[in-house]
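Residues per chain, in single letters:
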Amino acid sequence: MPASPALHTDAPLVDTLNRPLHDLRLSVTDRCNFRCVYCMPKEVFGKDFAFMPRDEMLSFEEMTRLARISVAHGVEKIRLTGGEPLLRKGLEELIAMLAELRTPAGRPVDIALTTNGSALAMKAQALKDAGLKRVTVSLDSLDDTTFRAMNDVNFPVARILAGLDAAHAVGLGPIKINMVVKRGQNDHDIVNMARYFKGTPYILRFIEFMDVGTSNGWDMAAVLPSSEVLGRIHAELPLEEVAPNYTGETSRRWRYVDGEGEIGLISSVTQSFCHTCSRARVSTDGKLFTCLFASEGHDLRALLRDGSSDEQLSAAMGAIWRQRTDRASQLRSAQTGAVRSTGTKIEMSYIGG
Ligand code: SAM
Ligand code: SF4
Ligand code: SF4
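Residues numbered from 1 in each chain as written. Chains lettered and ligands numbered in written order. Predicted model: local features only at pLDDT ≥ 70, side-chain atom pairs only at ≥ 80, totals over all residues. Heavy atoms only, no water.

Labelled according to an unreviewed UniProt entry, the protein chain appears under the name GTP 3',8-cyclase, originating from Cryobacterium arcticum. Per its UniProt entry, the protein chain bears the Sequence similarities (unreviewed entry) comment "Belongs to the radical SAM superfamily. MoaA family." Per UniProt, the protein chain has the following entry under Subunit (unreviewed entry): "Monomer and homodimer." (UniProt positions renumbered as here; feature names shortened; annotations may be inferred.)

In structure tokens form, the structure reads like this:
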């Protein structure tokens, strides 16, 4: 399905800070079977929590329509996320629809998925068959007690490792592993994780605990800066920095000097990367967010459902991106990083991580 010529414009779409629209993160559900302490703490996302009603969720057709228009605007990479995306029934159908999209230059779109890995062993083959290229799997510790405490639903490490094996076996790659580091909770396992995944096909990335949303009890004291993560690993397994794969890559790359692979450091709190941020997020109910820390989204579902044409939707999305000024992390760093921004903030599980 080529990007419609009617939608494509030669003038590149850039925001007020000259950042192109390159990445689209589509949240396919706000539900999750985990209750990670840094994302969906049980006390807030309990039995009575009101998740999104079905009719408010975008259909796969609606998501694909937005994706096609985004691709005409320059998006080359689409990441499916949530909530836990593998909980969305029939996700393979959406992947198959997105896999048909082509950029204005005729290239397929890079389709990726971020998952907690709990259903990966069962679904890897179907995802691959549908056209998924690669996955990122979240795994915060190899220490079973620590991992069970962090996902807070007593889910064992072994089943995530089985999911990783299955993803690798069907050829989903490169496979990345995200470890959110919380000081005092799983930081004792940093070097162990590095050692375990060194020399394997998996690329381990360490993410600073972020102050996204308002329910995870964020505190700067619980953030272990990436520089410290690096120092701890480097002391035992020497590393050297590698150039980024592309402008706007969130992760700083370091490789083992003995040639046995690389790690990534995502320093969202201590070293902002807003100046190259090219990501747009669409929540499951069709709100477009131009920043992870935005307090409000732009309602695209209304346009999808009121008979607006592709051209009208495209113009609306273009206008939103052109006006974009977001650089929340950079502004927070300028306040020494210790200050937590105030005001309404959207939860990660809703906006899509
Ligand atoms: N459920 C999927 C998963 O966990 O991979 C996809 C959605 S999750 C919101 C996406 C990513 O955001 C995960 O790697 C997760 O660890 C990360 N994340 C969630 N809350 C975070 C926080 N407060 N700080 C840093 N990363 C966070
Ligand atoms: Fe669920 Fe992912 Fe959030 Fe954990 S990080 S609660 S797996 S959405
Ligand atoms: Fe992008 Fe907003 Fe994160 Fe900055 S704070 S990198 S603008 S999502």
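And the narrative resumes.
Caption draft 1: Layout of the side chain of Thr136. Inspection of the secondary structure puts Thr136 in strand β4 (residues 134–138). A polar side-chain atom of Thr136 sits 3.2 Å from a polar atom in the side chain of Arg79. Not counting residues within four places of it along the chain, the set of residues in contact with Thr136 comprises Arg79, Leu113, Thr114, Thr115, Lys176, Asn178 and Arg205. (Helix = DSSP H or I, 4+ residues; strand = E, 2+ residues; numbered from the N terminus. Polar contact = N/O pair within 3.5 Å; in protein donor to acceptor, adjacent residues only side chain to side chain. Contact = heavy atoms within 4.5 Å.)

Caption draft 2: Layout of the site of ligand 1. Neighbouring ligand 1 are 20 residues, the closest being Tyr38, Gly83, Ser138, Asn178 and Met210. Within the backbone of Gly83, a nitrogen or oxygen atom sits 3.0 Å from a nitrogen atom of ligand 1. A distance of 2.6 Å separates an oxygen atom of ligand 1 from a polar atom in the side chain of Ser138. Protein contacts shield 95% of the accessible area of ligand 1, which totals 550 Å² for the unbound molecule. (Near = heavy atom within 4 Å. Areas by Shrake-Rupley, 256 points an atom, 1.4 Å probe, with all protein chains shown as cover.)

Caption draft 3: Local environment of the environment of Met122. By the secondary structure assignment, Met122 is in helix α3 (residues 120–130). The sequence separation of Met122 and Gly163 amounts to 41 residues, and the corresponding C-alpha distance is 7.6 Å.

Caption draft 4: Quick peek at the packing of helix α1 (residues 60–72) against helix α9 (residues 310–322). At a closest axis distance of 10 Å, the pairing of α1 and α9 adopts a crossing angle of 65 degrees. In terms of crossing hand, the pair formed by α1 and α9 is right-handed. Contacts between α1 and α9 pair Arg65, Leu66, Arg68, Ile69 and Ser70 from the former with Asp310, Leu313, Ser314 and Met317 from the latter. Residues of the contact of α1 with α9, tallied by class, amount to 4 nonpolar, 2 polar and 3 charged. (Axes fitted to C-alpha atoms, helices over the stretch in contact; angles between N-to-C directions. Left-handed = near helix turned anticlockwise from the far one by under 90°. Nonpolar A, V, L, I, M, F, W, Y, C, P; charged D, E, K, R; others polar.)

Caption draft 5: Expanded view of the UniProt feature "binding site: [4Fe-4S] cluster 2" (unreviewed entry) in the protein chain. According to UniProt, the positions carrying the feature "binding site: [4Fe-4S] cluster 2" (unreviewed entry) are Cys274, Cys277 and Cys291. Despite a sequence span of 18 residues, these residues sit close together in the fold, their greatest C-alpha distance being 9.3 Å. Given the relative accessible area of 10%, Cys274 is considered buried. Setting aside residues no more than four positions away along its own chain, Cys274 makes contact with Arg19, Arg327, Ala328, Ser329 and Gln330. In this structure, Cys277 sits in the loop between β9 (262–266) and β10 (279–282). Sequence-distant contacts of Cys277, defined by excluding residues within four places in its chain, comprise Arg19, Trp321 and Arg324. (Buried < 20%, exposed > 50% of the residue type's maximum accessible area, 1.4 Å probe, protein only.)

Caption draft 6: Spatial organisation of the pairing of strand β8 (residues 252–256). Alignment of strand β7 (residues 239–242) against β8, held across 4 bridges, turns out to be antiparallel. The residue bridging Glu241 from the neighbouring strand is Trp254, located in β8. As paired elements, β8 and β9 share 4 bridges and run antiparallel to each other. Counterpart to Arg252 in the pairing with β9 is Leu265. Where β8 folds back onto β9 in an antiparallel hairpin, the turn is made up of 5 residues, including Gly259, whose phi is positive at roughly 85 degrees. (Pairing = 2+ DSSP bridges.)

Caption draft 7: How the structure looks around the sheet that holds strand β3 (residues 110–115). If you walk across this open sheet you meet the 12 strands as β7-β8-β9-β6-β5-β4-β3-β2-β1-β10-β11-β12, and the pairing is mixed. Each edge of the open sheet carries a strand with a single partner, namely β7 and β12 (298–299). Relative to the sheet, helix α7 (residues 226–236) contacts β6 (202–208), β7, β8 and β9, its axis offset from that of β9 by approximately 160 degrees.

Caption draft 8: Quick look at the UniProt feature "binding site: [4Fe-4S] cluster 1" (unreviewed entry) in the protein chain. Mapped onto this numbering, the UniProt entry annotates "binding site: [4Fe-4S] cluster 1" (unreviewed entry) at Cys32, Cys36 and Cys39. The topology assignment puts Cys32 in the loop between β1 (23–27) and α1. Under the relative-accessibility criterion, Cys32 is labelled buried at 17%. Once residues within four sequence positions are removed from consideration, Cys32 is found in contact with Met40, Gly83, Glu84, Leu87 and Asn116. Among the structural elements, Cys39 can be located in the loop between β1 and α1.

Caption draft 9: Representation of the packing of helix α6 (residues 190–197) against α7. Put simply, α6 and α7 touch, their axes get as near as 9 Å, and they point 55 degrees apart. As judged from the angle between their axes, α6 and α7 are oblique. Regarding α6 and α7, the two cross each other, and that crossing is right-handed. When α6 is examined against α7, the residues Ile190, Val191, Ala194 and Arg195 are found in contact with a partner set consisting of Val229, Arg232, Ile233 and Glu236. For the contact of α6 with α7, the class distribution of residues is 5 nonpolar, no polar and 3 charged. (Parallel < 35°, antiparallel > 145°, perpendicular 65-115°, else oblique.)

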